[in-house]
Amino acid sequence: MSVISIDENDDVLKATDSYRQQRRNVVALYLLALLVMTVLFGWLLHEQYQQEIEAAESRITARANVVTEWAKGVFAQSGQALFGLTEILATQEIPDSDNTQLLQRSLENLTSYLPMIDEVGVFDSEGRLLASSRAGRDADIDISETRFFKVFQHSQQRELITPLYWSKSDQRYYLYHGRRVDTPTGDFAGVAVSNIVPEVFSESLEQMSVFDGESISLVDSGLKFIARYPIPGDQFPVGKQIESSETAQRLVSGDATFSLSAKSPIDGRERLFRIQWVGEYPMLAVVGIDLHELLKAWRQRALILSLVMLVIALLGAWGARHYLSRLALTYQLRQRIEEREQARAEAQIAAAAFQTHLGILITDARGCILKVNETFTRITGYSEAEIVGKNPRMFSTGLQNAAFYRRLWKGVIKAGNWEGEIWSQRKNGELFPEWLTISAVYSVEGTLTHYVATMSDISERKAAEQEIHQLAFYDPLTGLANRRLFMDRMGTALKELHRHQRCGALLFVDIDNFKQINDTLGHYAGDQLLQGIARRMGQMLRDTDTLARLGGDEFAVLIEGIDGSSAQTTQLAERIANKLLAILSEPIELAEESITITGCIGITLMSSGEHNVDDYLQQVDMALFQAKNSGRHTVCFFDPAMQAALLAHVRLEADLHLALANQQWQLYYQPQVNHHGTITGVEVLLRWQHPERGLVSPGEFIPLLESTGLINDVGEWVLEDACKQLVRWSEHPRLCELTISVNISPLQFRDDHFLRRVNDVFERTRAPLHRLKLEVTESLFLEARDDARDKMLALKAQGVRFSLDDFGTGYSSLAYLAQLPLDQLKIDQSFVQQVLESEANAAIVESTIVLAESLSLEVIAEGVETEAQQSWLLDHDCQAYQGYLFGRPVEAKAFEAMMLA
Ligand SMILES: Nc1nc2c(ncn2[C@@H]2O[C@H](COP(=O)(O)O[C@H]3[C@@H](O)[C@H](n4cnc5c(=O)[nH]c(N)nc54)O[C@@H]3COP(=O)(O)O)[C@@H](O)[C@H]2O)c(=O)[nH]1
């Protein structure tokens, strides 16, 4: 396995890239230098070539000029001779054929001093030969039909030279130079013609010195050779036609002088020619220079330069190659060094890795242990010497079956490795969980060579996981499932329930007065109690049931998988609940005391319906609430009606929050009378004018006001409204004596701000406080008695009076009652209404009246509905009454109307 890091791989790749880049740069540089050198040398050679050509051109131009001038001289000489001859003939008239001898002699004289003229002849106006410088010339010669003659005959042309003309009679070429002869009167008299022989020009050209490869030619207007020098071979072919369309074209286009390169028709050598007309004559001077000869020196220089370039290129190539091979060598060396470094690093890493916190075990392909590391020894307790040569099978614990190992090896063979949790054993026999990975190692050829196993002891981790699991899902005090696990089990149970169409039951168990036990015996005892209860309930329930502690003294039991009707399930759940209550009520030893407790159980049945976990929890909660409300040691099943009531309760509570702001509160007044039947005062009773439900009774909403804390605000409103009423009545002569009794909830009274709020009301209303009576109940004095008493005293000091409401229903300490600043005892209507039927009630009422008398308190009986009841009360010295007999609670207006009627 390679242990080269990604960074190192990057370095290797970078080095390779850099090497390749350098190699490319060197090659590119060399090619660039080669290109520059080639261009430079090429330019140099081209320049030199141009110079050679230009020098040659100027040389042949000068030579052509010389030849031209010279040829012109030849024609000028011929012309002068003819001019002289024709002038003489014009003045002396042309002799007739009979006396031409004189003329012939003249002509002979003429040719003797003009060597370029072979013959001079004179023709008459009919074209017949009159005389010739050549003796014995045939007199019948007639040139009248020649174009040459006709030019003179039909025009005023004075002089004309022909191109090369083949003389049939002489069997040779001539250039004929003719001049018109006129009569003295100026008419056409004939033509004097001189025959110029081409050889004249050849001989003259021979006199010229020419360079190697240079040629000088005279060519007629029909591009036939007249003369040339030098002449290849013995004889020059005068009249040889030159086949050069380019030359012909240039001549036709009117070029008087031009240069061109062409192959010589004479010797076949490539030449640069200078061609120009010889004046006005039908002759061209052509000077050529052999390009091969001309460029000989240039070619030599080009060759030398090319050789130099080749040498430089070769040297450059050699240098570049040398540099590249050095570069390659450096790169290879560097690579080798890096490979060696990497190999060393890998070896170090491998060695370090082998001594890792993981235990490592290496076997050969047959599973024979070859090597283990120190960590392995530390984990298992086996030293390398003890284990090498053995098979790892020795670590198997038997906790994994054969199928497990089959899967394991299948994984190793198929995927090349396997990893997982497995139990192993140490040398001392201790079993421990380990995380094991097994990798198969193959050679380059693909043969299995080794197995490498790494292992880590995960016993601590497992223990920690177990602890975390325990903390997360179990109650640390009782070891029972906690709320989270219970919810989870509920979810699973519901799914099972739906799948198998079974029933289940959910029970909530609550210990009665657990708080008191905690408060009185201490939290340690409370904990012991909870542990004891948990143990007992756990022993009683089946393993398939789930018992959980949800918090505080609240336990939950989940009973699953009940096969049967809902009636059977109900019976079973009830039986279990009763058993639970029974074991709860068994005495338990706590803080060296034997305690007996009771509990309440709420039950809801679960079936495959539409309810979810939350629904069932809500239902069982309600059932428990119901059970608790029904008294101690009770079992209650969830009842949908109960749910509806609770829902209504919840809605009512929501509406209550809006009632004050929406002015939905009203005060009703119920009269209180003395034994004469005179109304002495009223009790104000709160009513809630609900927008949908109509008038709601205080029995429904006062507990809600108390549980929500709204009682303080609403109670303050009642007091303030009552005080305002007192103020209003105090101004009315027939109402000013009335007292008003206001009910004060114990919660309201106990509030820290009660006194301040009441005083604020008094401040705001300025009510006559001696007519205000506050009705308090006995429950006010169950706790924080002194505080209640202090508040009463504070108010009493301002003139406020107190009535003890519902007297007889509580557990008041009479001794303490005596210490309270009370003014009145109010006998509860439950006693009053049964006073005639129940001796016990009558006895209570009687003793209450006596007690009030002994404490110097007034006494009033409430709930008086019949005259018999009033009569009985009067007989027993109760002289104040309240009840439907004297008037139901009514609105202020109705009450006032009744009073004033
Ligand atoms: N803290 C506050 N408590 C209040 C306030 N207003 C009322 N209450 C308390 O609510 C309870 C129920 O009151 P209510 O429904 O108004 O019933 C009162 C009378 O209507 C009823 N009564 C009076 N005479 C008779 C009778 O002859 N027969 C009969 N069946 N009932 C009768 O008794 C209730 C008055 O009781 P009490 O206060 O004990 O004198 C009730 O406990 C009220 O105290 C309030 O503003 N604040």
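These numbers come from a predicted model, not from an experiment. (Residues numbered from 1 in each chain as written. Predicted model: local features only at pLDDT ≥ 70, side-chain atom pairs only at ≥ 80, totals over all residues. Heavy atoms only, no water.)

### What to know about the overall build of the protein chain
In step 1: Of regular secondary structure, the protein chain possesses 27 helices and 32 strands.
In step 2: Residues classed as buried in the protein chain amount to 43% of the 901 residues present.
In step 3: The contacts in the protein chain between residues at least 6 apart in sequence include a share of 60% that link residues at least 24 apart.
In step 4: Summed over its atoms, the accessible surface of the protein chain is roughly 47,800 Å², and 52% of this surface lies on carbon and sulfur atoms. (Helix = DSSP H or I, 4+ residues; strand = E, 2+ residues; numbered from the N terminus. Buried < 20%, exposed > 50% of the residue type's maximum accessible area, 1.4 Å probe, protein only. Contact = heavy atoms within 4.5 Å. Areas by Shrake-Rupley, 256 points an atom, 1.4 Å probe, with all protein chains shown as cover.)

### Let's talk about the pairing of strand 16 (residues 503-511)
The side chains of a regular strand alternate, first on one face of the sheet and then on the other.
In step 1: Counting buried positions over the 9 residues of strand 16 gives 9, a clear majority of the element.
In step 2: Side chains Cys503, Ala505, Leu507, Val509 and Ile511 project from strand 16 onto one buried face, and the interleaved Gly504, Leu506, Phe508 and Asp510 project onto a second face that is buried too.
In step 3: With 7 bridges joining them, strand 16 and strand 18 (residues 554-562) adopt antiparallel strand pairing. Counterpart to Val509 in the pairing with strand 18 is Phe555.
In step 4: As judged from the 8 bridges shared by strand 16 and strand 21 (residues 599-606), these two strands associate in the antiparallel manner. Along strand 21, the bridge assignment pairs Leu506 with Thr604. (Pairing = 2+ DSSP bridges.)

### So, the sheet that holds strand 10 (residues 283-290)
In step 1: If you walk across this open sheet you meet the 5 strands as 7-6-10-9-8, and the pairing is antiparallel. Every other strand in the sheet has two partners, leaving strand 7 (225-229) and strand 8 (257-263) as the edge strands with one partner each. Ignoring which end each strand starts from, the neighbouring axes of this sheet average 20° apart.
In step 2: Taken together, the 4 bridges between strand 6 (residues 214-220) and strand 7 define a ladder with antiparallel strand orientation. Bridge pairing in strand 7 links Ser217 to Arg228.
In step 3: Sitting on the sheet, helix 4 (residues 199-206) touches strand 6, strand 7 and strand 10, and the angle it makes with strand 7 is about 15°. (Axes fitted to C-alpha atoms, helices over the stretch in contact; angles between N-to-C directions.)

### Focus: the packing of helix 19 (residues 711-730) against helix 21 (residues 754-765)
To describe two helices that pack against each other, one gives the angle between their axes and the distance between the axes.
In step 1: Helix 21 packs onto helix 19 with a crossing angle of 30° between their chain directions and a minimal axis gap of 10 Å. Of the possible angle classes, the one that applies to helix 19 and helix 21 is roughly parallel. Both helix 19 and helix 21 take part in a crossing whose hand is right-handed. Across the interface between the two elements, Asn712, Asp713, Glu716, Leu719, Glu720, Cys723, Lys724 and Val727 from helix 19 touch Arg757, Val758, Val761, Phe762, Arg764 and Thr765 from helix 21.
In step 2: For the contact of helix 19 with helix 21, the class distribution of residues is 6 nonpolar, 2 polar and 6 charged. (Parallel < 35°, antiparallel > 145°, perpendicular 65-115°, else oblique. Left-handed = near helix turned anticlockwise from the far one by under 90°. Nonpolar A, V, L, I, M, F, W, Y, C, P; charged D, E, K, R; others polar.)

### Topic: the pattern of salt bridges
In step 1: Applying the stated criterion to the full structure yields 43 salt bridges.
In step 2: Residue Arg158 is joined to Asp182 by a salt bridge in which the shortest nitrogen-to-oxygen separation is 2.7 Å. Remark: Asp182 occurs in strand 4 (residues 172-182) and Arg158 occurs in the loop between helix 3 (147-154) and strand 3 (159-167); sequence separation between them is 24 residues.
In step 3: The partly exposed category is assigned to Arg158, whose relative accessible area is 36%.
In step 4: Between Arg228 and Asp267 there is a salt bridge whose closest N-O contact spans 3.7 Å. Taken as a pair, Arg228 in strand 7 and Asp267 in the loop between strand 8 and strand 9 (270-277) lie far apart in primary sequence, 39 residues in all.
In step 5: The buried category is assigned to Arg228, whose relative accessible area is 3%.
In step 6: Within this structure, Asp713, Glu716, Glu720, Arg757 and Arg764 form a network of salt bridges that share partners. (Salt bridge = Lys/Arg side-chain N within 4 Å of Asp/Glu carboxyl O.)

### Some remarks on the environment of Val509
In step 1: Position of Val509 relative to the elements: it lies in strand 16.
In step 2: By relative accessible area, which is 0% here, Val509 ends up buried.
In step 3: Linking Val509 and Leu550, residues 41 residues apart in sequence, is a C-alpha distance of 9.9 Å.
In step 4: What Val509 contacts, discounting residues up to four positions off in sequence, is Asp553, Glu554, Phe555, Leu580, Leu584, Cys600 and Ile601.

### Some details on the pairing of strand 29 (residues 824-827)
In step 1: A two-sided burial pattern is seen for strand 29, the buried positions comprising Gln824 and Lys826 on one face and Leu825 and Ile827 on the other.
In step 2: As paired elements, strand 28 (residues 801-807) and strand 29 share 3 bridges and run parallel to each other. Each residue of the ladder has a partner; that of Phe807, found in strand 29, is Ile827.
In step 3: When strand 29 meets strand 30 (residues 858-862), the two strands line up parallel, connected through 4 bridges.

### Some details on the site of the ligand
In step 1: Of all residues adjacent to the ligand, which total 23 residues, the nearest are Glu683, Gln829, Glu862, Glu865 and Tyr884.
In step 2: Gln829 is positioned with one of its side-chain polar atoms (N or O) 2.9 Å from an oxygen atom of the ligand.
In step 3: Calculation on the ligand without its partners gives an accessible area of 810 Å², and the protein chains cover 82% of this total.
In step 4: Judged by the proximity of its atoms to the pocket grid, the ligand belongs to the largest pocket.
In step 5: Among the secondary structure elements, those contributing two or more residues to the shell around the ligand are strand 24 (679-690), helix 18 (698-708), strand 28 and helix 24 (829-833).
In step 6: Sorting elements by how many residues they give to the shell around the ligand places strand 24 first, with 4 residues. (Near = heavy atom within 4 Å. Polar contact = N/O pair within 3.5 Å; in protein donor to acceptor, adjacent residues only side chain to side chain. 1 Å grid on protein atoms, 1.4 Å probe; cavity = no way out; pocket = protein on both sides within 12 Å on 5 of 7 lines; lining within 4 Å. Sits in = over half its atoms within 2 Å of the grid points.)

### A few points about the side chain of Glu554
In step 1: Along the chain, the position of Glu554 falls in strand 18.
In step 2: For Glu554, the contacting residues outside a window of four places in its chain are Arg483, Phe508, Val509, Asp510, Ala548, Arg549 and Leu624.

### Things to note about the sheet that holds strand 22 (residues 635-637)
In step 1: With respect to topology, 5 strands assemble into an open sheet ordered 17-18-16-21-22, the strand pairing being mixed. Of all strands in the sheet, those with a lone pairing partner are strand 17 (546-551) and strand 22, marking the two edges. Taken over all neighbouring pairs, the strand axes of this sheet differ in orientation by 20° on average, direction set aside.
In step 2: Sitting on the sheet, helix 12 (residues 483-500) touches strand 16, strand 17, strand 18 and strand 21, and the angle it makes with strand 18 is about 20°.

### Thoughts on the packing of helix 21 against helix 22 (residues 785-796)
In step 1: Where helix 21 contacts helix 22, the two axes come as close as 11 Å, and the packing angle between them is 15°. Between helix 21 and helix 22, the angle is such that the two are roughly parallel. By crossing handedness, the relation of helix 21 to helix 22 is classed as right-handed. Two secondary-structure elements touch here, helix 21 through Phe754, Leu755, Val758, Asn759 and Phe762 and helix 22 through Lys791, Ala794 and Leu795.
In step 2: Taken together, the residues that form the contact of helix 21 with helix 22 break down as 6 nonpolar, 1 polar and 1 charged.

### Things to note about the side chain of Glu775
In step 1: Note that Glu775 resides in strand 27 (residues 772-777).
In step 2: With a relative accessible area of 1%, Glu775 lands in the buried category.
In step 3: Within polar-contact distance, the side chain of Glu775 engages the side chain of Lys826 at 2.7 Å.
In step 4: What Glu775 contacts, discounting residues up to four positions off in sequence, is Gln672, Glu683, Ser741, Val742, Asn743, Ile744, Ser803, Asp805 and Lys826.

### Let's talk about the UniProt feature "transmembrane region" (unreviewed entry) in the protein chain
In step 1: The sites that carry the UniProt feature "transmembrane region" (unreviewed entry) are, in the present numbering, residues 27-45 and 302-320.
In step 2: Its end C-alpha atoms 27 Å apart, residues 27-45 is made of 100% helix and 0% strand.
In step 3: Structurally, residues 302-320 is divided into 100% helix and 0% strand, and its ends, taken at the C-alpha atoms, are 26 Å apart. (UniProt positions renumbered as here; feature names shortened; annotations may be inferred.)

### Focus: unusual backbone geometry
In step 1: Residue Tyr229 is joined to Pro230 through a cis peptide bond whose omega torsion reads -5°.
In step 2: The backbone of Gln501 sits at a positive phi, close to 55°, despite the residue not being glycine.
In step 3: Checked against the element boundaries, Gln501 lands in the loop between helix 12 and strand 16.
In step 4: Accessibility expressed as a relative area gives 59% for Gln501, which makes it exposed.
In step 5: Phi is positive for Asp806, which is not a glycine, with a value near 50°.

### What about the nonpolar core?
In step 1: Ranked by size, the top nonpolar core spans 82 residues in total, and within it Leu85, Val122, Leu175, Phe201, Leu218 and Met283 carry the most contacts.
In step 2: Looking at this core, the element that brings in the most residues is helix 1 (residues 6-92), giving 15 residues.
In step 3: Discounting residues that sit within four places of it in the chain, Leu218 has contacts with Val67, Trp70, Ala71, Phe201, Lys224, Phe225, Ile226, Ala227, Val278, Met283, Leu284 and Ala285.
In step 4: Counting residues in each nonpolar core, the second largest holds 74 residues, with Ala659, Val696, Leu774 and Leu804 among its members. (Core = buried A, V, L, I, M, F, W, Y, C linked by side-chain atoms within 4.5 Å.)

### Observations concerning empty space enclosed by the protein
In step 1: For the structure on display, the rule yields 1 cavity of 30 Å³ or more.
In step 2: Lining the largest cavity, in full, are Asn712, Glu716, Leu719, Gln748, Asp751, Phe754, Arg757, Val758 and Val761.
In step 3: When residues of the lining of the largest cavity are traced back to their parent elements, those giving at least two are helix 19 and helix 21.
In step 4: Counting residues per element, the lining of the largest cavity draws most heavily on helix 21, at 4 residues.
In step 5: Here the lining of the largest cavity is built from residues that sort into 4 nonpolar, 2 polar and 3 charged. (Points joined across faces, edges and corners; volume = space filled by probe spheres on them.)

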